Amino acid sequence: DAHTVIHGDHHGLSIIGDHIWNGNDGGVYYSSNKGMTVVKDKSDGLGIQELWGFSQSFKNDIMAVGLNHNQTCFRDDEVYGGWISVLGADAMAANVNPIDDQFLYVHPWKDHRIKRSLTGKTGHIITDLGLDLGYLKDDNLEFHPHNYYTIYGSDYGHISGNHGAGTFSLAKSTDNASSWEIIKSFGAGNTNNVVAIKTSFADSNFVYAVVEPNRIIKSTNEGVTWTDTNTPPIGNNGLWRLAVSDKNPEHLWVTTTRENNNPKIFHSTNGGVTWTDFSEGLPDQAIYSLIYQRGSDDLLYVGTTFGVYYRKAGMSQWELFGRNLPACKTSFMFINYAKGKLRLGTSRGLFEID
């Protein structure tokens, strides 16, 4: 209750006599004496944490988030008793190693690997990640399906200039981000950066990546060599999220970026040689996230501004999945297989559903 200053990015101001209400990137604040002495934070109970990063393990219930104008936070109820915050502000990418969930790979202002403490809220070991995860890029780390110290990552060297000298590249680590090898370089500029990477649980040799604005590249030898797939008929649209079947490595789905009635999702059954429109039933809203449920009958979920939709083999169109989700950006989607939960990281907090 004793903030003497408030966040500098203001969005709303109401003044009634001596009373001031201020809405800003830090929350909602109130002063009863023209802001002269105590400024009270009145944000309790408001769903106003905008997630700029979210990830979780699927073996345990370990989660991490990056918060707009706030810190990287992670949660291990047994060790910390809830959420704790480490590193900030403007925290973005927050990746949890899905099997060895002691390790996190995060991007607040710089890029770090965190070996979190398993005995208390302090004592975390923080080192340089060696990769620039970029500014507000949602899906740019992918873990090998059978060796979780092997990681594929998109390097946005132009952001900090520390790791790519202004170039875009696709990198691979086989030693848990202790070192990285460039496996595909795209050069400098504001295009040709990788925004999604997916491997196949059916055959780990297959790796796919979406390269802005409208390319999909493919490797059949774990990133040693790459070829371009054919591009879906997207018109003047761009490509965004990616999912691969865990039954057949040549079955994949890719989403588009725009909020319009154009085809929003395309499906290929031959590794990107040909594509079919897979959008029937989706609302006229942008798609922010896409996930494939492992061990299912090709069950997919997509996150839109007005809800989550699902579709599996045999269904002719997408159907709304669940209710009570507020209108928001649904940028991150993960499945906790141990608890049977679908979790959604959004611009209005973190939500889950059975």
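Refer to the preceding data block for the structure.
Counting from 1, residues in each chain are numbered in the order their sequence is written. Where totals are concerned, whole chains, interfaces and linings use all residues; where local detail is concerned, this predicted model gives features only for residues with pLDDT of at least 70, and gives and counts side-chain atom pairs only at 80 or more. Side-chain numbers come from the whole structure's heavy atoms, not from hydrogens or water.

A. Local environment of the layout of surface pockets. For each structure, a 1 Å grid was placed over the protein atoms alone; sets of points admitting a 1.4 Å probe that cannot get out are labelled cavities, open sets with protein on both sides within 12 Å along at least five of seven lines are labelled pockets, and lining residues have an atom within 4 Å of a point. Grid points are joined across faces, edges and corners, and a volume is the space filled by probe spheres set on the points. What the largest pocket holds in volume is close to 530 Å³. Asp25, Gly26, Gly27, Ile48 and Gln49 are, among the 23 residues lining the largest pocket, the residues nearest its centre. In this classification, the charged set is Asp, Glu, Lys and Arg, the nonpolar set is Ala, Val, Leu, Ile, Met, Phe, Trp, Tyr, Cys and Pro, and all remaining amino acids, among them Gly, are polar. The residue inventory of the lining of the largest pocket, partitioned by class, reads six nonpolar, 13 polar and four charged. Within this model, the second largest pocket holds a volume of roughly 230 Å³. Phe321, Gly322, Arg323, Leu325 and Ile353 are the residues nearest the centre of the second largest pocket, which is lined by 15 residues in total.

B. Region of interest: the side chain of arginine 116. Helix and strand definitions here come from DSSP, where helices need a minimum of 4 consecutive H or I residues and strands a minimum of 2 consecutive E residues; each element is numbered from the N-terminal end. With respect to the helices, strands and loops of the structure, arginine 116 is situated in the loop between β11 (112–115) and β12 (125–128). Residue arginine 116 is classed as buried on the basis of its relative accessible area, which comes to 1%. At a separation of 3.2 Å, a polar atom in the side chain of arginine 116 contacts the side chain of tyrosine 80. At 2.8 Å, the side chain of arginine 116 forms a polar contact with the backbone oxygen of aspartate 101. Other than its neighbours up to four places away in sequence, arginine 116 contacts Ile62, Phe74, Asp76, Tyr80, Asp101, Gln102, Leu104 and His124. With a 1.4 Å probe rolled over the protein chains alone, any residue whose accessible area is under 20% of its type maximum counts as buried; one over 50% counts as exposed, and the rest are partly exposed. Here a polar contact is taken to be a pair of N or O atoms separated by no more than 3.5 Å, where protein atoms must pair a possible hydrogen donor with a possible acceptor and residues adjacent in sequence count only if both atoms sit in side chains. Contacts are assigned to residue pairs that have any heavy atoms within 4.5 Å of one another.

C. Broad picture of the sheet that holds strand β28 (residues 319–321). Strand pairing is assigned whenever DSSP identifies at least 2 bridges connecting the two strands. Strands sit in the order β25-β26-β27-β28 across an open sheet of four strands; the sheet is antiparallel. Strands at the two margins of the open sheet, each flanked by one partner only, are β25 (287–292) and β28. Averaged over all adjacent pairs, the angle separating strand axes in this sheet is 30 degrees, with direction ignored. Between the N-to-C directions of two axes lies an angle of 0 to 180 degrees, each axis being a line fitted to C-alpha atoms and, for a helix, fitted only over the stretch in contact.

D. Local environment of the nonpolar core. Definition of nonpolar core: a set of buried residues of the types Ala, Val, Leu, Ile, Met, Phe, Trp, Tyr and Cys, connected through side-chain atoms within 4.5 Å. Grouped together as the largest cluster of nonpolar side chains are 28 residues, with contacts concentrated most on Leu170, Phe186, Val194, Val210, Ile217, Leu242 and Val254. Among the secondary structure elements, those contributing two or more residues to this core are β14 (151–156), β15 (167–173), β16 (181–188), β17 (194–199), β18 (207–211), β19 (215–219), β21 (239–244) and β22 (252–256). Apart from the residues lying within four places of it in its own chain, the contact partners of isoleucine 217 are Leu170, Lys184, Phe186, Val207, Tyr208, Ala209, Val211, Trp226, Thr227 and Asp228. Counting 13 residues, the second largest nonpolar core, distinct from the first, contains Tyr105, Leu133, Leu141 and Tyr148.

E. Expanded view of the pattern of salt bridges. Criterion for a salt bridge: a side-chain nitrogen of Lys or Arg within 4 Å of a carboxyl oxygen of Asp or Glu. Inspection of the entire model under this criterion finds 13 salt bridges. Where aspartate 61 meets lysine 339, a salt bridge forms, and the shortest distance between an N and an O atom there is 2.9 Å. A residue pair is termed long-range when its members are at least 10 positions apart, and aspartate 61 in the loop between β5 (51–56) and β6 (63–67) and lysine 339 in the loop between β29 (332–336) and β30 (341–346) qualify at 278 residues. The residue aspartate 61 makes a salt bridge to arginine 343 at a minimum N-O spacing of 2.7 Å. With aspartate 61 in the loop between β5 and β6 and arginine 343 in strand β30, this residue pair connects regions lying 282 residues apart in the sequence. Owing to a relative accessible area of 23%, aspartate 61 belongs among the partly exposed residues under this scheme. One connected set of salt bridges, linked through shared partners, spans Asp61, Lys339, Arg343 and Glu352.

F. Structural detail: empty space enclosed by the protein. Counted according to the given criterion, the structure contains one cavity of 30 Å³ or more. By volume, the largest cavity is sized at about 750 Å³. Those elements that place two or more of their residues in the lining of the largest cavity are β5, β9 (94–96), β13 (141–143), β17, β21, β25 and β29. Residue composition of the lining of the largest cavity, by class: 21 nonpolar, 10 polar and eight charged.

G. Spotlight on the pairing of strand β26 (residues 300–304). Of all five residues in β26, five are buried, a share of seventy percent or more. Neither face of β26 is open: one carries Leu300, Val302 and Thr304, the other Tyr301 and Gly303, and all of them are buried. Note: β25 against β26, five bridges, orientation antiparallel. The partner of isoleucine 291 across the bridge, within β26, is tyrosine 301. Bridge count between β26 and strand β27 (residues 307–311): five bridges; the pairing is antiparallel. For glycine 303, the partnering residue across the bridge sits in β27 and is valine 308.

H. Spatial organisation of the packing of aromatic side chains. Aromatic pairing here means that ring centres of Phe, Tyr or Trp (its six-membered ring) are within 6.5 Å. Orientation follows from the plane angle: under 30 degrees is stacked, over 60 is edge-to-face, and everything else is tilted. What the rule picks out here adds up to 13 aromatic pairs. Consider the rings of phenylalanine 103 and tyrosine 149, whose centres lie 6.2 Å apart with planes at 85 degrees: the pair is edge-to-face. Of this pair, phenylalanine 103 sits in strand β10 (residues 103–106) while tyrosine 149 is found in the loop between β13 and β14, placing the two residues 46 residues apart along the sequence. Judged by its relative accessible area of 34%, tyrosine 149 is partly exposed. Both a distance and an angle decide whether a charge sits over a ring: NZ of Lys or CZ of Arg must be within 6 Å of the ring centre and within 35 degrees of the ring normal. Against the face of phenylalanine 278 rests arginine 311, its NZ or CZ located 3.8 Å from the ring centre.

I. Focus on the environment of phenylalanine 74. By secondary structure assignment, the location of phenylalanine 74 is in strand β7 (residues 71–75). Since its relative accessible area comes to 0%, phenylalanine 74 is described here as buried. In sequence terms phenylalanine 74 and serine 43 are 31 residues apart; their C-alpha atoms lie 21 Å from each other. With near-sequence residues (within four places) excluded, phenylalanine 74 lies in contact with Met63, Ala64, Tyr80, Gly82, Trp83, Ile84, Val86, Leu104, Ile114, Arg116 and His124.

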